[in-house]
Each structure stands twice: as structure tokens, then as C-alpha cells.
Amino acid sequence: MGMLITRTEDLYHILPELEKMDLVAVDTETTGLDPHLNQVILFQIGTPTKQFLVDTRRASLEPLRPFLEGPKPKVLHNAKFDYKMIRGTFGIKMENLIDTMILEQVLTSGAQERGFGLKDLAAQYLNIEMDKSERSSFMAHTGDFTEAQLDYAVRDIIHTYQILLKQVPKIVQQGLEHTAKLECLVIPAFGDMEFDGFFLDTEKWNQLIKISEIERDKAKAELDRIFKATRKSDNLFGWVDINYDSDEQLKKALADLGIHVEDTSRETLMGIKHEVKDWLLIYREHQKVLSTYGESFLKHIHPKTGRIHCDFKQLGAESGRVSCTNPNLQNIKAESEFRSAFVAPPGRKIITCDYSGCELRIIAELSEDPVFLKTFHEGGDLHAIVASTMFNKPVSKTENPELRKQAKFINFGLAYGMGAQGLATLVGCSEKEAEKLLNQYFKTYPKIKKFLDTAAKKALKEGYSETIGGRKRYYDISQIHSNPRERAAIERKAKNAPIQGTNADMTKLALVYIREEFKKRNLDALLVNTVHDEIVVESAEEIAEEVGKLVHDCMVKAGKYYLTKVPVEVEYEVAEFWKK
DNA sequence: ATCTGTGGCGCG
DNA sequence: AAAGCGCGCCACAGAT
């Protein structure tokens, strides 16, 4: 049973004991899930042999600030949550966190869909059935904590600690030390990004919505006009009551026009030779905007901070990439101004930074193709150079541009394990011709072919792919002999995984560096978003240029950590709003 | 009334 | 005909 602490001054007395521990487990119980609206009411810290429970309604954690912000390793389960709650309640930004949930995701990437809760891991590693029913009792709790609550609180940190001890040898055994360390180091960066949020200009957003509404309604009126002719006796007043958002209804309606389609995807619609096509595409575009980026998006503005606080899933993708929800800030429309509605508040600036040509550089690094490497070192139009070497013809953006385009499709398609069929639809040629193109490509660039083939072969043989940073993505290879489709799918994933995953390695390390620098220099600058090869920062106006250079340098440094054969280039722009 | 799967589409 | 990689959100449609 842990020791309950209810007075701030008592925390000074436990510090020497905490310092003696090589590793401490930490957990919190809170009044809710929102770090801006709810508080930590119980703070737990300790080891399996000694635990302290701090009633933070009565005692402040301030005496522990240097310890929590210091180098002592702290293990938590889902550390980002406690990080944000502790930052929200006490303004303390914990450092040197280890997260058993993140570690489990690193250990099983691709092999396990879910089951990363503390309860799941306790069952798996400790053979213990945890009863989590006590957790909700803290939400509206007043008065002294019950014995059951304190018991529960103690068990959480003991189990977390013990799980970590079991995970560590597995990490070493699987060669995941670097990835595990990286993922743990970057946790506070995601905590800060979520806590600080991204400011959105509501008025500007509303204007964009209005424009889309007008355009959509116009398109809808035109569609009604077109379809009205086909349904004279539909109803009394001649209304057209087709729901254009329903694929079934749309297919039927199109059939009445003599247009028969298998599906209603944009690609299929584009093939229609009837004015209905244009209006449908316009309708679709604006309807998409209004549903995904419409008024519903504004409900994510926090009532207290006035900013948007999304939820990053640090290992959201099996490749190691981050994903983002509630709302997803990684798929905001790049064109048509929606991005620029994410603005800097008065007196501040937004700095948008991204790795240029990141995936192609990684391909160059991994394949060691001489032409790719040379082009990145000396500068030049890679797509044009690839095309001219493939076809033995001069190619540039003006000379034989169609060949450049073909090379560009192949260059990007490579990273997806694209085949002849995919290339054919992209280029608009026959599958035979696409096959010839690919053959020519790989004949000219044998090292790239070798890299892709090796990546696929390794996955089938070893059951995993690997990034430059040693991040692994596991596959179920039990079916590959009986199921050629499954096998092909793994091959494609394996061609992509080292590329996409190394990009994730780089961007995450950059986030670590950037946060470190902001802290070290005490800069009035915030991380506000990250989108795979891009990092967005908000800072005070006066230092924006300096911050831009700093972020640039951090991203280059992180890139160079992984890419040693190819130069790393980062672009940044200082503006009133999110660019690109 | 609420859940789940699917088609479609926004981003890198 | 389940696919060129990785995601999340929306509306619809069918099921509970």
C-alpha cells in the first residue's frame, strides 16, 4: 500500500527517496479527459516496492517540478495523456518519459491491431486480470479517497513498471532500441502540440463555407434541371427528389439518361460524355468540402482556448507514420484557401517547413542509384533526367514534356510498388505499353529495381520490413504460399515501408530537436502541426525568421542523421497563415 | 436509436 | 476483379 500525501511540504521529504530510484512509474487520476477543463486529483509515483500517492486537490506538485522535468526516467502507460493533464493542472512539462503503450506498438507494429490498454498488457505480460472499474470513480469524486481507489491507483503504477521490465529485453532482442527511444523522446512534442492547439480564423472559414454552399447549390440546380426531363410523372409538382449523395440513387438516375456506370467514383464520372458530368463533379467537390470541412469542423474549436486541439496517434500507421483525429489536421484542403484559414493570432506568425522531395531522396539513399544521387547532389530536374536517360532523348518541362510526365509517374509510383496496370491507368496507355515503360525504367535504373526486389524478398523471408532507423513493420507471412494476392500485397507494402517509415523517423526526430531548442532558448514558439514531411510552428512575430531558420536546421540535422549519401533539403516559409 | 461496413475523397 | 502505399471523415444503407 502506498503512502498518501496531502500536504505540499511533505513532497520535499520524499524527493531524496525518489532520487534514489533508477526508474519511477507515474500515473494520474483526473476529473476528466480534457487538460484544459479537467484536473489531476491524484498523482501516483514510485516503484513496485514503494509508492507515493499525492492528493493533488490539497497538495501542489510544485516541489516535484525539477524531478519531473529532470533526467530521471519515468514510465507511464499512455504518457501523452498524463503529460497533458500535468501540464494543464500544474504547468509542469515532464521530460524523459517511457511509455509502455508506445513500446508495445513499436514491438508489434503491423502484427497487432489493438489491445494496447494497460489491462491488455497486464494480462499478456504479467498474467494479471486488472479490474479497471474503479477508474471512473475518480471523475466526480469528492472527499477522502476510498481504500479501493488508492489500491487501484497503486496497482496501476506497479503494473506499468513491471510491464516495462518485460518489454525491455524484447526491444533489445528485436533490435528496436533506436525506434523505442525515438518514439519515447517525441511524446512531449505531441503532448505540446495537442495542448497548445492551432488557431483557426472562424470568419475566414465561414466565408469559404458560404462560397462552397453557393457553388454546390448552383450545381444541384443544374442537376435537377437535367434529371427533371427524365422523370415527368415523378410527383405532383415536378420536383426532382434524387439524393445525389446516394450512389444507388445516382446510378439509377444516370441510367435514365442512358448512362450506365459500375460505380460513381470521380474517375468513372469523368469518362461520361454528357453535361451532367461537369455538374456532378462540381457538386461532389463542394459537397465534400461542406461535409468534411464545413460547420461541423468548427465544433472542434475549444470553448476555453479558442483553438483546435486535435489528437495525434503517434503510431497511427503501420509504417510508423503519425495519424491525426478529432479533427484530422493532416488532410486539410491544400488548395482553395482552407489551409490559410489556420492563422497566427495577432502579433504572431506561422512558419511552414517541409522536407523537399523526401521520399525520392530516401529511394536514392536506399538504392544508391548513381543518377539519383548525382542529381540530388548537383541539383537538376530528376523526372526530366530519368526520362531522358530512359528514352535517350532530350527532356525538360518544355521539351518532350509527356516523357517527363511518364517518368514522374513511375518515380512516385515506385514508392507504392506500382505495377504495369496501375501505371497504364495513370499514363493513359495500354498495359502492354506500361509494361514496356517499366522494363525500360528498370533497365536504366537497375539499382532501384534491386532495392525494391530486395525489400520485397526480405519481407517474405523474414516477416518484416525495416527503415533506416531500424523501425520494423511486421507481416503475417503464413498465407503467402497459398495466397498469391496476399503475397503480392505484402510485396507492395514492403517496397513502400522503408520509404514511408524512414520519412516518419526523420520527421519525429526533427520534432524532438525542435522542442529541445525551443526549450533551451526559451523561445516564444509553439509546435502546432505535423503532416508526414512537414512541421508547422507558431511564434512571436519578432523572432519568426529566427525560429524559421532554427526549425530548418533541426529538420536538416534530423534528416542527415538517417540520410548520409544524399543531401537533405528543407524549405520554410514565414507567413500570417499556414502555407502550401 | 445506435452500430458497422462501404464507397468516395481529403491529405502526404 | 479486393487493391499502387499510408491514413480519417462523411453520408448512406443495412442491421441490431
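Residue numbers here run from 1 along each chain, matching the order of that chain's written sequence. To read the labels, note that chains go from A and ligands from 1, taken in the order they are written. Only residues with pLDDT of at least 70 get local features here, since the model is predicted, and only at 80 or more are side-chain atom pairs given and counted; chain-wide, interface and lining totals rely on the full set of residues. The side-chain values count all of the structure's non-hydrogen atoms but skip hydrogen atoms and water molecules.

Draft legend 1. Representation of the packing of helix α7 (residues 177–185) against helix α21 (residues 484–520) within the structure. Two numbers describe how α7 lies on α21: the axes approach to 9 Å, and their chain directions differ by 45 degrees. One element, α7, and the other, α21, form an angle in the oblique class. The two elements α7 and α21 cross, and the hand of that crossing is left-handed. Contacts between α7 and α21 involve L182, E183 and L185 from the former and D505, K508, L509 and V512 from the latter. Of the residues that constitute the contact of α7 with α21, the class distribution is four nonpolar, no polar and three charged. Axis definition: a line fitted to C-alpha atoms, limited for helices to the stretch in contact. Angles are taken between N-to-C directions and run from 0 to 180 degrees. Secondary structure elements are defined from DSSP: runs of H or I of at least 4 residues count as helices, runs of E of at least 2 residues count as strands, and each element is numbered from the N terminus. The scheme is simple: roughly parallel for angles under 35 degrees, roughly antiparallel for over 145, roughly perpendicular for 65 to 115, oblique for anything else. Each crossing is labelled by how the near helix is turned from the far one, with a counterclockwise turn of less than a right angle marking it left-handed and a clockwise turn marking it right-handed. Residue contacts follow a heavy-atom distance rule, with two residues in contact if any of their heavy atoms lie within 4.5 Å. In this classification, Asp, Glu, Lys and Arg are treated as charged, Ala, Val, Leu, Ile, Met, Phe, Trp, Tyr, Cys and Pro as nonpolar, and every other residue, Gly included, as polar.

Draft legend 2. Fine view of the pairing of strand β12 (residues 525–530). Exposure categories follow from relative accessible area, calculated using a 1.4 Å probe and restricted to protein chains: below 20% of the type maximum is buried, above 50% is exposed, and the middle band is partly exposed. Taken across its six residues, β12 has five buried, putting it largely inside the fold. Here a strand pair is declared whenever DSSP counts at least two bridges between the two strands. When β12 meets strand β13 (residues 534–540), the two strands line up antiparallel, connected through five bridges. Within β13, the position partnered with T530 by the bridge is I535. As consecutive antiparallel partners, β12 and β13 are separated by three residues, and within that stretch H532 has a phi angle of approximately 70 degrees, a positive value.

Draft legend 3. Expanded view of the protein's contact with DNA strand B. Near DNA strand B you find 20 residues, and of these T264, R266, R284, K288 and D533 are the closest. The sugar and phosphate moieties of DNA strand B supply 82% of its atoms located within 4 Å of the protein. A 3.5 Å cut-off defines polar contacts: any pair of N or O atoms within that distance qualifies, except that in protein one atom must be a possible hydrogen donor and the other a possible acceptor, and neighbouring residues in sequence count only when both atoms are side-chain atoms. Note that a phosphate oxygen of DNA strand B is positioned 2.6 Å from one of the side-chain N or O atoms of R266. Contacts to DNA strand B include A334, whose backbone N or O atom sits 3.1 Å from a phosphate oxygen. By convention in these notes, a residue is near a molecule or strand provided one of its non-hydrogen atoms lies within 4 Å of it.

Draft legend 4. The arrangement of the sheet that holds strand β14 (residues 570–575) in detail. Taken together, four strands build an open sheet; the order of strands is β12-β13-β9-β14 and the sheet is antiparallel. Each end of this open sheet is capped by a strand with a single partner; those strands are β12 and β14. Going from strand to strand, the sheet's axes swing by 20 degrees on average, the running direction of each strand aside. Taken strand by strand, α21 contacts β9 (348–355), β12 and β13, and its axis lies near 165 degrees from that of β12. Across the face of the sheet, helix α22 (residues 544–562) comes into contact with β9, β12, β13 and β14 while running at roughly 20 degrees to β9.

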